[in-house]
2 protein chains.
Amino acid sequence: MSQYVFGVDIGGTTVKLGFFDVEGNLLDKWEIPTRTQEGGSHILPDIADSIQKKLNEKNIAPKEAIGVGVGAPGPIDGQGVVHKAVNLGWGVFSIKETLEDILKMPVMAGNDANVAALGEMWKGGGQGSNDLIVVTLGTGVGGGIIIGGKMLTGATGAGGEIGHIHVEDAETDKCGCGNTGCLEQYASATGVTRLANRKLKNSSKDSVLRSGEVSAKTVFDAVKAKDELAMEVAEEFGKYLGECLAAIACVVNPEAIVIGGGVSKAGEILIDYIKPHYEEKVFHGSRNVKFSLATLGNDAGIYGAAKLVLDALN
Amino acid sequence: MSQYVFGVDIGGTTVKLGFFDVEGNLLDKWEIPTRTQEGGSHILPDIADSIQKKLNEKNIAPKEAIGVGVGAPGPIDGQGVVHKAVNLGWGVFSIKETLEDILKMPVMAGNDANVAALGEMWKGGGQGSNDLIVVTLGTGVGGGIIIGGKMLTGATGAGGEIGHIHVEDAETDKCGCGNTGCLEQYASATGVTRLANRKLKNSSKDSVLRSGEVSAKTVFDAVKAKDELAMEVAEEFGKYLGECLAAIACVVNPEAIVIGGGVSKAGEILIDYIKPHYEEKVFHGSRNVKFSLATLGNDAGIYGAAKLVLDALN
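Quick caveat: nothing in here was measured; it's all calculated off a predicted structure. Every chain is numbered on its own, with residues counted from 1 as its sequence reads. As a convention, the first chain written is A and the first ligand written is 1, with the rest following in written order. Owing to the predicted nature of the model, reporting of local features is limited to residues with pLDDT of at least 70; listing and counting of side-chain atom pairs is limited to 80 or more, with chain, interface and lining totals taken over all residues. Calculation of side-chain values draws on the structure's entire complement of heavy atoms; hydrogens and water are dropped beforehand.

S.K.: Can you walk me through the overall build of chain A in this structure?
M.R.: Along the backbone of chain A there are 10 helices and 12 strands. Radius of gyration means the value over C-alpha atoms here, while the globule rule gives 2.2 Å times the residue count to the 0.38 power. For chain A, the C-alpha radius of gyration of 20 Å lies close to 20 Å, the compact-globule estimate for 314 residues. By its C-alpha atoms, chain A is 65 × 45 × 35 Å across when sized along the principal axes. Only protein chains enter the accessibility calculation, which uses a 1.4 Å probe; a residue is then buried when its area is under 20% of its type maximum, exposed when over 50%, and partly exposed in between. Evaluated residue by residue, chain A yields a buried proportion of 59% over its 314 residues. Counting from the N terminus, the helices are the DSSP runs of H or I reaching at least four residues and the strands are the DSSP runs of E reaching at least two.

S.K.: Just checking my understanding: could you explain the relation of the copies chain B and chain A for this structure?
M.R.: One chain copy maps onto the other through a rotation about an axis and a shift parallel to that axis. Least squares is the method used to superpose the copies, on C-alpha atoms of residues holding a pLDDT of at least 70 in both. Overlaying chain B with chain A gives an RMSD of 0.0 Å, the required rotation being 180 degrees about an axis along which the chain moves by 0.0 Å. The symmetry that links the two subunits is that of a two-fold axis. Across chain B, the rotation axis passes nearest the C-alpha of B:I248, at a separation of 3.6 Å.

S.K.: Can you help me understand the packing of helix 8 (residues 228–252) of chain A against helix 9 (residues 269–281) of chain A in this one?
M.R.: Between two packed helices, what matters for the description is the angle formed by their axes and the separation of those axes. Residues and elements named next belong to chain A. Between N-to-C directions, angles cover 0 to 180 degrees, with each direction set by a line fitted to C-alpha atoms, over the stretch in contact for helices. With their axes 7 Å apart at the nearest point, helix 8 and helix 9 run at an angle of 45 degrees to one another. As summarised for this structure, helix 8 and helix 9 are arranged oblique, according to the angle between their axes. Helix 9 is crossed by helix 8, and the crossing has right-handed handedness. On the side of helix 8, the interface is formed by M231, A234, E235, F237, G238, K239, L241, G242, E243, L245, A246 and A249, while helix 9 contributes L270, Y273, I274, H277, Y278 and K281. In the scheme used here, Gly and all other residues not listed as nonpolar or charged are polar, with Ala, Val, Leu, Ile, Met, Phe, Trp, Tyr, Cys and Pro taken as nonpolar and Asp, Glu, Lys and Arg as charged. Among the residues making up the contact of helix 8 with helix 9, the classes are represented as 11 nonpolar, 3 polar and 4 charged. Angular relationships are summarised with four words: roughly parallel below 35 degrees, roughly antiparallel beyond 145, roughly perpendicular across 65 to 115, and oblique for the angles in between. Each helix crossing is assigned a hand: it is left-handed if the near helix lies turned anticlockwise from the far helix by less than a right angle, otherwise right-handed if that turn is clockwise. Contact between two residues is taken to exist if any of their heavy atoms lie within 4.5 Å; hydrogens are not considered.

S.K.: Help me out: how do you make sense of the nonpolar core in this one?
M.R.: If you look at soluble globular proteins, the nonpolar side chains tend to sit buried side by side. Within the largest apolar cluster, 108 residues are counted, with the highest numbers of intra-cluster contacts made by A:L245 and B:L245. Contact partners of B:L245, with chain neighbours within four places excluded, come to B:I133, B:V135, B:I257, B:I259, B:I274, B:Y278 and B:F291. Among buried residues, those of type Ala, Val, Leu, Ile, Met, Phe, Trp, Tyr and Cys that are joined through side-chain atoms within 4.5 Å constitute a nonpolar core.

S.K.: Please clarify how the side chain of A:D9 should be interpreted in this entry.
M.R.: All names here are of chain A. Its location among the elements puts D9 in strand 1 (residues 4–10). For the buried D9, no salt bridge is present, and the opposite-charge side chain at shortest range is K16, 4.7 Å distant. The contacts of D9, once residues within four sequence positions are left out, are T14, V15, K16, G71, D112, N298, G301 and I302. Under this rule, positive means Lys or Arg and negative means Asp or Glu; His and the chain ends count for nothing. Any Lys or Arg side-chain nitrogen located within 4 Å of an Asp or Glu carboxyl oxygen qualifies as a salt bridge.

S.K.: Can you help me understand the sheet that holds strand 11 (residues 256–260) of chain B in this one?
M.R.: Backbone-to-backbone hydrogen bonds pair the strands of a sheet. The strands run either parallel or antiparallel. Residues and elements named next belong to chain B. At least two DSSP bridges between two strands are needed for those strands to be called paired. The strand order across the open sheet formed by 5 strands is 10-9-8-11-12, and the pairing between neighbours is mixed. This sheet does not close on itself; its edge strands, each paired only once, are strand 10 (150–151) and strand 12 (290–293). Bridge count between strand 11 and strand 12: 4 bridges; the pairing is parallel. Within the sheet, the bridge partner assigned to V258 lies in strand 12 and is S292.

S.K.: What exactly am I supposed to notice about helix 8 (residues 228–252) of chain B here?
M.R.: Every α-helical turn comprises 3.6 residues, leaving residues that sit three or four positions apart pointing alike. All names here are of chain B. Between its first and last C-alpha atoms helix 8 spans 35 Å; for 25 residues at 1.5 Å apiece the expected length is 36 Å, and the two agree. Taken across its 25 residues, helix 8 has 19 buried, putting it largely inside the fold. We call two N or O atoms a polar contact when they sit within 3.5 Å, provided that within protein one can donate a hydrogen and the other can accept it, with sequence-adjacent residues counted only if both atoms are side-chain atoms. Backbone nitrogen of L229 and a side-chain oxygen of the N-cap are separated by 3.4 Å at the start of helix 8; the cap is D227. Note on helix 8: the residue one or two positions beyond its end, N253, has a positive phi of about 50 degrees. By this rule the span expected of a helix is its residue count minus one, scaled by 1.5 Å.

S.K.: Explain the interface of chain B and chain A to me, please; I cannot follow it from the model alone.
M.R.: Size of an interface, as often reported, equals the accessible area lost when the parts are brought together. Every contact between the two is made by 37 residues of chain B and, on the other side, 36 residues of chain A. As used here, buried area is the combined drop in accessible area, with a 1.4 Å probe, of two parts when they are placed together. Across the interface of chain B and chain A, roughly 2,700 Å² is buried in total on both sides, 62% from carbon and sulfur atoms. Looking at the side of chain B facing chain A, the largest losses of area belong to B:V251, B:N253 and B:F283, adding up to 23% of the total buried there. In this structure, the connection of chain B to chain A is made through 2 salt bridges. The shortest N-O distance in the salt bridge between A:K239 and B:D169 comes to 3.8 Å. Our enumeration of links across chain B and chain A arrives at 18 residue pairs in polar contact (both at pLDDT 80 or more). Sorting the residues of the side of chain B that touches chain A by element identifies strand 9 (141–147), helix 8 and helix 9 (269–281) of chain B as the ones contributing at least two each.

S.K.: Please clarify how the pairing of strand 7 (residues 107–111) of chain B should be interpreted in this entry.
M.R.: Side-chain direction in a regular strand flips from residue to residue, so the side chains alternate between the two faces of the sheet. All names here are of chain B. Within strand 7, 4 of the 5 residues are buried, which leaves the element mostly enclosed by the surrounding structure. Judged from the 5 bridges that link them, strand 4 (residues 65–72) and strand 7 form a sheet pairing that is parallel. Looking at strand 7, one finds that A72 is bridged to N111.

S.K.: So what exactly am I meant to see when it comes to unusual backbone geometry here?
M.R.: The general pattern is negative phi for most residues beyond glycine and trans for most peptide bonds. Its identity as a non-glycine residue notwithstanding, A:E38 has a phi of 50 degrees, on the positive side. For A:E38, a relative accessible area of 61% gives the class exposed. Phi at B:N253 is positive, roughly 50 degrees, even though this residue is not glycine. Position of B:N253 relative to the elements: it lies in the loop between helix 8 and strand 11.

S.K.: Is there a simple way to think about the pattern of salt bridges in this case?
M.R.: Oppositely charged side chains can form a pair if their charged atoms are brought close together. Per the counting criterion, the structure on display carries 43 salt bridges over all chains. Residue A:K54 is joined to A:E57 by a salt bridge in which the shortest nitrogen-to-oxygen separation is 3.4 Å. In this pair, A:K54 and A:E57 are both assigned in helix 2 (residues 43–58), 3 residues apart and thus about one turn of the helix distant. With relative accessibility at 55%, the residue A:E57 sits in the exposed group. The salt bridge partner of A:K239 is A:E243, with a shortest N-O separation of 2.6 Å. Residue A:K239 and its partner A:E243 are both found in helix 8; the two are separated by 4 residues, about one turn of the helix. The exposure class of A:K239 is partly exposed, given its relative accessible area of 31%. Linked by salt bridges that have partners in common, A:D169, B:K239, B:E243, B:E280 and B:K281 make up one network.

S.K.: What should I look at first to understand the packing of aromatic side chains in this one?
M.R.: Where two aromatic rings form a pair, the distance of their centres and the angle of their planes describe that pair. Residue and element names in this part refer to chain A. Aromatic contacts are taken between Phe, Tyr and Trp rings whose centres are within 6.5 Å, Trp giving its six-membered ring; a plane angle under 30 degrees counts as stacked, one over 60 as edge-to-face, and the others as tilted. Applying the stated criterion to the full structure yields 16 aromatic pairs over all chains. Taking 4.0 Å as the distance between ring centres and 25 degrees as the angle between the ring planes, the aromatic pair formed by Y186 and Y240 counts as stacked. With Y186 in helix 5 (residues 184–187) and Y240 in helix 8, the pair connects residues that are 54 residues apart, well separated along the chain. Accessibility assignment for this pair places Y186 and Y240 in one class, buried. On the numbers, 5.5 Å between centres and 75 degrees between planes, the contact of F220 with F237 is edge-to-face.

S.K.: What am I meant to see in the state of the cysteines here?
M.R.: Two cysteine sulfurs form a disulfide in these notes if their separation is within 2.5 Å. By the definition in use, this model includes 0 disulfides over all chains. Just so you know, A:C250 is unpaired, no disulfide at all, and the nearest cysteine sulfur is the one on B:C182, 7.5 Å from it. Owing to a relative accessible area of 1%, A:C250 belongs among the buried residues under this scheme. A disulfide-free cysteine, B:C244 has its sulfur positioned 8.6 Å from the sulfur of A:C250, the nearest such atom.

The quantities given are spatial measurements derived from coordinates; they are silent on function.
Here it is, written out as structure tokens:
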């Protein structure tokens, strides 16, 4: 009898679903819209419905489908209870129990960034390492910490929220979280753009960034073209992120650090700006860490979710 | 049949040994000297010998003694392999296998600070919490992170080395690790003394610290007597430690933070100086953390070592 698992990654606008064999081969993937109306009460029934349809479509017997893993944007504790997910309209309830009641199969749930980290460990840029920091540089900065092959969930599901580590006392702009000087304000796509605009204003240096759109992409494109001002921005970005990763590594002592998210599309050059600052500041016991880029892109979440439920079943 | 375990805490000058029942009641404790001569090759045989003698003395059958846990000052990985312990003269070898070969019973080993953290979780200031940061403010700053009731060991046994998190760019004095601006330079007993001496030099303020010895103890005694200069030192100490604990908490999302080591003898007043800075800077998901003082003192290591081997056997 073949056995299969589902990996589900719930986002604010779409839910990604993946259908895997137990070795982690992605056999099928698709998306459904996230219906956030009415307190997000349709989201899990919609997912259950979609999974049932897929089982029928593929002619899979219920006992061949051994479980469903779920990642969602919010703090989710080790028992699969979400503690408010604002983007989905969710309050506090058990994702695990709710979905198990509908589907009649084992469900595991975790925070989306943590689950994506598990995916990168399993089938992505972190393969071969069991102790891992995954940092996702998107609109914000997300993080997932893997310890001995397992997600660091934390007491209330807020483990790995490294985007809100305070890194700059002198900051005056406010972060979305209400604090000032969070890592996210320097290392996210928005943060890089902010740093670039600030430098364009305060410097008289010529730059290709003075004409056209300023974004994390255009900044790193300019870096590759040896634009001096852009390189100063990248240096600032790398210092904040590298030093912060060094602090995290003193806590975690990772084997590898994986950089993902939209900003990571800039490629290996990103690591060139981060690594020297990391190595300068980190405790020697964690100096020999492998830096790599995430490879699963938007599929990291469904891979990690599948792995989460597989680990729970074994 | 009763069952017993041993907890062993190896220090640079003495080895502490504890004899426990499986509920964690400390039935006997004693010390032997640490013989660091000849590459520390006598240390484990001495421990084995001492354990055998104790079993004979108490008339315990070998099968009633179910295991030995060991904490030692150095990076020790999840397989019980130490990667150099300079203070003991040790290079790289398996503590677990070496001691198991002599004693013919299961052995587990871990870094002393991590093991002590496990002890505080089990029977000390961290009781009731499974996700814990334990920070030990002694000559240096040590740390132990407990995740889901288990020590965070890390890839090479350097997990929880929080004393060497970089917290100050402007520092000019060197830390023992070779870097500058490590947490240890502000929050250890030595660090508090350094901060106090620096302030005494740069301030014209009157203070009881101007006459007599300056130490972490005299500083916090002066704080309790409302000495203004001492309170400024405590404020500086609390800001560095509180903000650094906030960063660690963004990674770990702990349920509780336990403060131990010699400096913690100052009592609850220490927490009054740390907590406001912690709460100001931490991500809201980790704001409601319980701060407490360590309670096991120098016995934390033997308790934690006993727990380490008990967990491995269950």
